[in-house]
Amino acid sequence: MSRLKSVWGPWGPLAKGVQKEVDDYLATKPGMEGRSEAQYRAGVAAYCEVRPDDATNPEWPMIEKNARAHFTQVASGTKYAGAAQAWLLNMDLMNAGENRESVLPKIRNFTETYKNDEQAMNIAAAFFQDDVVASLWPLPIEATDIDGKPVSLDQYKGHVVLVDFWATWCGPCRAELPHVMAAYDKLHDKGFDILSISLDYADKTTPEQYREWITDKGMNKWRHVYDQKDWDGPLVKEYLVRGIPNPVLINRDGSLAAMGEGLRGENLEKTIEDALAKKGV
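Residues numbered from 1 in each chain as written. Predicted model: local features only at pLDDT ≥ 70, side-chain atom pairs only at ≥ 80, totals over all residues. Heavy atoms only, no water.

A.B. asks: I'm lost on the sheet that holds strand β3 (residues 160–166) in this one. Help?
C.D. replies: The pairing of strands in a sheet happens through backbone hydrogen bonds and is either parallel or antiparallel. Strand order in this open sheet of 5 strands is β5-β4-β3-β6-β7, and the pairing throughout is mixed. Each edge of the open sheet is held by one strand with a lone partner, namely β5 (223–225) and β7 (256–259). Averaged over all pairs of adjacent strands, the angle between strand axes in this sheet comes to 20°, irrespective of strand direction. As paired elements, β3 and strand β6 (residues 246–250) share 5 bridges and run antiparallel to each other. Following the sheet pairing, Val161 is matched in β6 by Ile250. Contacts from helix α6 (residues 118–136) reach β6 and β7, with the element oriented near 165° to β7. (Pairing = 2+ DSSP bridges. Helix = DSSP H or I, 4+ residues; strand = E, 2+ residues; numbered from the N terminus. Axes fitted to C-alpha atoms, helices over the stretch in contact; angles between N-to-C directions. Contact = heavy atoms within 4.5 Å.)

Here it is as structure tokens:
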């Protein structure tokens, strides 16, 4: 039952049904692995019954208490251990509010421990991808562009650069293009640049077709990486990309400037301008 609903919205009464099924299952005294999976799914259900946006929700204390009671019973070393830790970290971040940096050491330790655990990383990406990237920064970029030339972030030192994970097939990515191109045209001469990382599929888009597409749209003003590995590309994994568009803004000195909503739509240009205006970077 806990597989029927996404973690993105409230489950309502379904959550109670999941928790009852868990209680009934636990009464059969399953082994450690089964017991841990049951506790994990009950924790997800407890959290998603209301699915609070932040810790100011009046129901948050009870939601957190119930969810933690389940997630903390997921045994270390079992299949769902990393995912349970990701949920617990998400709750830590919600409690931290604007003081998210205080949780970064725990996030860094979590990422180093579970970076090869796809389930754990999927939960982390859903709730706190920005914090994972920030905890591990600097993250390198070593790739080859569509012209066969090597690409690295060192080549962009002194510039504010938008590393934009996207694909030609992605509707939301296309919707962002007018904002991306307007920002480039307005701010490139002031020190702004773009590096596009394509997640296009090799069996659907050849490099020649990709080049033709970006040329037709006027996107060939900046460099592009298309390794034809889509979601399995090394940069996609390094940056914990689980959805696109996934923009990352980097300061002139190579430090992380911004990720996420601040780089979408009408927010993009102002965020770039703020990065360009920073003194000492």
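A.B. asks: So what exactly am I meant to see when it comes to the packing of aromatic side chains here?
C.D. replies: In this description, an aromatic ring pair is defined by two values, namely the gap between the centres and the angle between the planes. Scanning the model with the defined rule gives 16 aromatic pairs in all. Judged by centre distance (6.2 Å) and plane angle (75°), the ring pair of Tyr47 and Phe127 falls under edge-to-face. Residue Tyr47 is located in helix α2 (residues 32–48), and its partner Phe127 is located in helix α6; the two are separated by 80 residues in the primary sequence. Through successive ring pairs, a cluster of aromatic residues spans Tyr40, Tyr47, Trp60, Phe71, Tyr80, Trp87 and Phe127. In this structure, Lys204 packs its charged tip against the face of Tyr201, placed 5.6 Å from the ring centre. Lying across the ring of Trp213, Lys217 places its NZ or CZ 5.3 Å from the centre. (Phe/Tyr/Trp six-rings, centres within 6.5 Å; stacked < 30°, edge-to-face > 60°. Lys NZ or Arg CZ within 6 Å of the ring centre and 35° of its normal.)

A.B. asks: Before we go on, may I ask you to explain the state of the cysteines in this structure?
C.D. replies: By definition, a disulfide links two cysteine residues through a covalent bond between their sulfur atoms. Counted according to the given criterion, the structure contains 1 disulfide. What pairs with Cys170 in a disulfide is Cys173, and their sulfur atoms sit 2.5 Å apart. Taking the torsion about the sulfur-sulfur bond, which here is approximately 75°, the covalent link between Cys170 and Cys173 counts as right-handed. The pair Cys170 / Cys173 is uniform in exposure class, with both members buried. (Disulfide = S-S within 2.5 Å. Buried < 20%, exposed > 50% of the residue type's maximum accessible area, 1.4 Å probe, protein only.)

Interpretation note: all reported values are geometric properties and have no functional meaning in isolation.
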